Amino acid sequence: MFKYLMPTKVIVGENSVKENAGELVLGTKCMIVTGKTSGAKSGALGDVTDVLKDMGIEYLVYDCIGNNPTIEECVEGGKAAREFGADFLIGIGGGSPLDACKAIAVYAVNEPIEGSDFEMHDIFKGNFKTKPLPMAAIPTTAGTGSETTPYSILTLHKINNKQSFSHPDVFYKVAFLDGRYTVNLPLQIARNTAIDAMSHLLEGFTDKKSSPASDYIALEGLRIIGKYVDNLRNGNFTASICTDLLWAATLGGIVISQTGTTIVHSMGYALTYHKDIPHGMANGLLLGEYLERTKAVLPEKTKAYEEAFGMKLDDIKKFLAQCLPCEAVFTEEELVRWSEVSIKAKNVPVCPFDITQQDEIDIYKKCLLKDRR
Ligand code: NAP
Ligand code: FE
């Protein structure tokens, strides 16, 4: 038995925002949640505000979201939305603003008060009474697939890590994929985010929650990214290629909505939290060794994704290494400490091979210690 849920309407193509203006407007008063620069730099913010002005919708641009947003930033954003009286949100940006927008949608209508029904951290238990505000998404990176997941990953200093919350009510109502918004991404961000999408597709394809529906979608996403490996190596992109890559990343989001991610993601969070390594790069550093261990237990699936991607695993590993220059230095002591946390993550049990804390230490060492890579 398997189930399939994807409630987000996805509109794909250049100028999709302006040509589908009616789909963007989900209420009467809008707060736009975006990063410090990504909304403006991508051109998406300009298109959205043009549409809102044309339609006479009052809006507030909330461009305060940093990378790897903290829970506190989202509580602040919720307060801003409440004070403005927003009845819908538009998230514009990479995974950071898109994830923050989901938490802001919750906090806007569920004021967190210590000792009350809804405290700040209750969001992780889905313990909120009022339905979050409706949201539209416009991704400006082709990576996280946040536009089609019920997940929001927040930085939680209290646990010295990142933690996700998941709730069916934070699926975006609608997402617009337009490659004009990602065509000028700095190359390293384009690579990191494409590798995050690869990671979603490959983890979802191989983890224990994969299903015929998610497998079918994962292979299609891998086929698309595989077509553009040379572009990712050389940095040659057009808006049309970028729209394809956005679609592949969205497929990755659809896949992990069904399957979740596995140890690549849970082990990667420590690299981002403690070493400020971008999320996609953190996954990519660990992905090759995960796939190597998966090959031993899933030889047929390995062949299937190699065929879809158009590369053997050894070449995929070389591609990852070429695209991910990492200067960070790690110590054995750090890796052991991080494994104590990551082995307890909720996505460990779906790993396709048996995994102990010692295995995670070995994976970290093999991938991260310079003399072992
Ligand atoms: P990001 O943190 O959203 O953005 C990285 C950088 O790219 C930022 O400096 C951002 O600028 C810049 N940027 C974004 N779009 C741009 C554009 N079009 N042109 C120029 N610069 C641009 O990176 P991300 O990899 O997309 O998202 C990572 C976050 O998503 C992490 O917190 C991760 O945990 C989360 N995530 C969520 C899911 C999910 O299912 N919800 C899945 C995987 C990952 P600004 O600072 O100005 O925005
Ligand atoms: Fe990810």
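Analysis parameters
- Residues numbered from 1 in each chain as written.
- Chains lettered and ligands numbered in written order.
- Predicted model: local features only at pLDDT ≥ 70, side-chain atom pairs only at ≥ 80, totals over all residues.
- Heavy atoms only, no water.
- Helix = DSSP H or I, 4+ residues; strand = E, 2+ residues; numbered from the N terminus.
- Rg over C-alpha atoms; globule rule 2.2 N^0.38 Å.
- Buried < 20%, exposed > 50% of the residue type's maximum accessible area, 1.4 Å probe, protein only.
- Contact = heavy atoms within 4.5 Å.
- Areas by Shrake-Rupley, 256 points an atom, 1.4 Å probe, with all protein chains shown as cover.
- Lys, Arg positive; Asp, Glu negative; His and termini not counted.
- Charge placed at Lys NZ, Arg CZ, Asp CG, Glu CD.
- Near = heavy atom within 4 Å.
- Polar contact = N/O pair within 3.5 Å; in protein donor to acceptor, adjacent residues only side chain to side chain.
- Nonpolar A, V, L, I, M, F, W, Y, C, P; charged D, E, K, R; others polar.
- Salt bridge = Lys/Arg side-chain N within 4 Å of Asp/Glu carboxyl O.
- Pairing = 2+ DSSP bridges.
- Axes fitted to C-alpha atoms, helices over the stretch in contact; angles between N-to-C directions.
- Parallel < 35°, antiparallel > 145°, perpendicular 65-115°, else oblique.
- Left-handed = near helix turned anticlockwise from the far one by under 90°.
- Donors = N, O, S within 2.8 Å, 3.2 Å for Na, K, Ca; no water.
- Tetrahedral: all angles 85-135°; square planar, octahedral: opposite > 155°, others 65-115°.

Examining the overall build of the protein chain
Looking only at helices and strands, one finds 16 helices and eight strands in the protein chain. The C-alpha atoms of the protein chain give a radius of gyration of 20 Å, which matches the 21 Å a tight globule of 373 residues would have. When its C-alpha atoms are laid out on the principal axes, the protein chain stretches across 60 × 50 × 45 Å. Across the 373 residues of the protein chain, 59% fall into the buried class. Put simply, of all contacts in the protein chain between residues at least 6 apart along the chain, 79% involve residues at least 24 apart. As presented, the protein chain carries roughly 15200 Å² of accessible surface, and 52% of it is formed by carbon and sulfur atoms. Within the protein chain, the 47 negative side-chain charges are centred at a point lying 2 Å from the centre of the 39 positive side-chain charges.

Topic: the site of ligand 1
In the neighbourhood of ligand 1, 30 residues make up the surrounding shell, with T37, S38, S96, D99 and T141 lying closest. The separation between an oxygen atom of ligand 1 and a polar side-chain atom of S96 is 2.6 Å. Here a nitrogen atom of ligand 1 sits 3.0 Å away from a polar atom, N or O, in the main chain of Y181. For ligand 1, the protein covers 90% of the area, taking 940 Å² as the surface of the free molecule. Among the secondary structure elements, those contributing two or more residues to the shell around ligand 1 are α3 (38-42), α6 (95-107), β6 (151-156) and α7 (187-206). For the shell around ligand 1, the element with the most residues is α6, which contributes five residues. Within the shell around ligand 1, the residues separate by chemical class into seven nonpolar, 17 polar and six charged.

Quick word on the pattern of salt bridges
In the structure shown here, the tally under the stated rule is 22 salt bridges. For the salt bridge of D117 with K129, the shortest nitrogen-to-oxygen distance reads 2.5 Å. Here D117 is found in the loop between α6 and β5 (135-139), whereas its partner K129 is found in the loop between α6 and β5, with 12 residues between them in sequence. Residues D117 and K129 agree in their burial class; the two are exposed. When the shortest N-O distance is used, the salt bridge between E292 and K317 registers 2.4 Å. Note that E292 is positioned in helix α12 (residues 279-297) and K317 in helix α14 (residues 313-323), a separation of 25 residues in sequence. By relative accessible area, K317 is classed as partly exposed at 28%. Linked by salt bridges that have partners in common, K18, D47, D50, D178 and R180 make up one network.

Things to note about the sheet that holds strand β3 (residues 58-65)
Pairing in this open sheet of six strands is parallel, and the strands run β1-β8-β5-β4-β2-β3 from one edge to the other. Of all the strands in the sheet, the pair left with one neighbour each is β1 (9-12) and β3. Along the sheet, successive strands turn relative to each other by an average axial angle of 20°, direction set aside. Of the pairings in the sheet, the one linking strand β4 (residues 88-93) to β5 comprises five bridges and is parallel in character. Note on β5: the bridge partner recorded for I90 is A136. Contacting β2 (29-35), β3, β4 and β5, α6 crosses the sheet at an angle of about 165° to β4.

Overview of the packing of α12 against helix α16 (residues 357-368)
Where α12 contacts α16, the two axes come as close as 9 Å, and the packing angle between them is 125°. Judged by the inter-axis angle, α12 sits oblique to α16. The two elements α12 and α16 cross, and the hand of that crossing is right-handed. For the pair α12 and α16, the contacting residues are L285, L286, E289 and R293 in the first and D359, D362, I363, Y364, K366, C367 and L368 in the second. Taken together, the residues of the contact of α12 with α16 break down into six nonpolar, no polar and five charged.

Looking at unusual backbone geometry
At N15, a position not held by glycine, the phi torsion is positive, near 65°. Relative to the assigned elements, N15 resides in the loop between β1 and α1 (16-19). Looking at N15, the relative accessible area reads 32%, which means it is partly exposed.

Describing the coordination of the iron ion (ligand 2)
Binding of the iron ion (ligand 2) to the protein goes through D196 (OD), H200 (NE2), H265 (NE2) and H279 (NE2), at separations of 2.1 to 2.2 Å. Note that the iron ion (ligand 2) binds four donor atoms; their angles at the metal cover 83 to 169°, and the shape is irregular. Counting along the primary sequence, the residues that act as donors to the iron ion (ligand 2) give the motif D-x3-H-x64-H-x13-H. Of this pair, H200 sits in helix α7 while H265 sits in helix α11 (residues 263-275), and the two are 65 residues apart along the sequence. Owing to a relative accessible area of 3%, H200 belongs among the buried residues under this scheme.

Topic: the environment of G43
Within the fold, G43 resides in the loop between α3 and α4 (44-54). The exposure class of G43 is partly exposed, given its relative accessible area of 28%. When the C-alpha positions of G43 and L24 are compared, they lie 16 Å apart, and in sequence the two are 19 residues distant.

Focus: the side chain of T149
Relative to the assigned elements, T149 resides in the loop between β5 and β6. At 3.3 Å, the side chain of T149 forms a polar contact with the backbone nitrogen of Y151. Among residues more than four places away in sequence, those in contact with T149 are K102, V170, F171, G253, I256 and S257.

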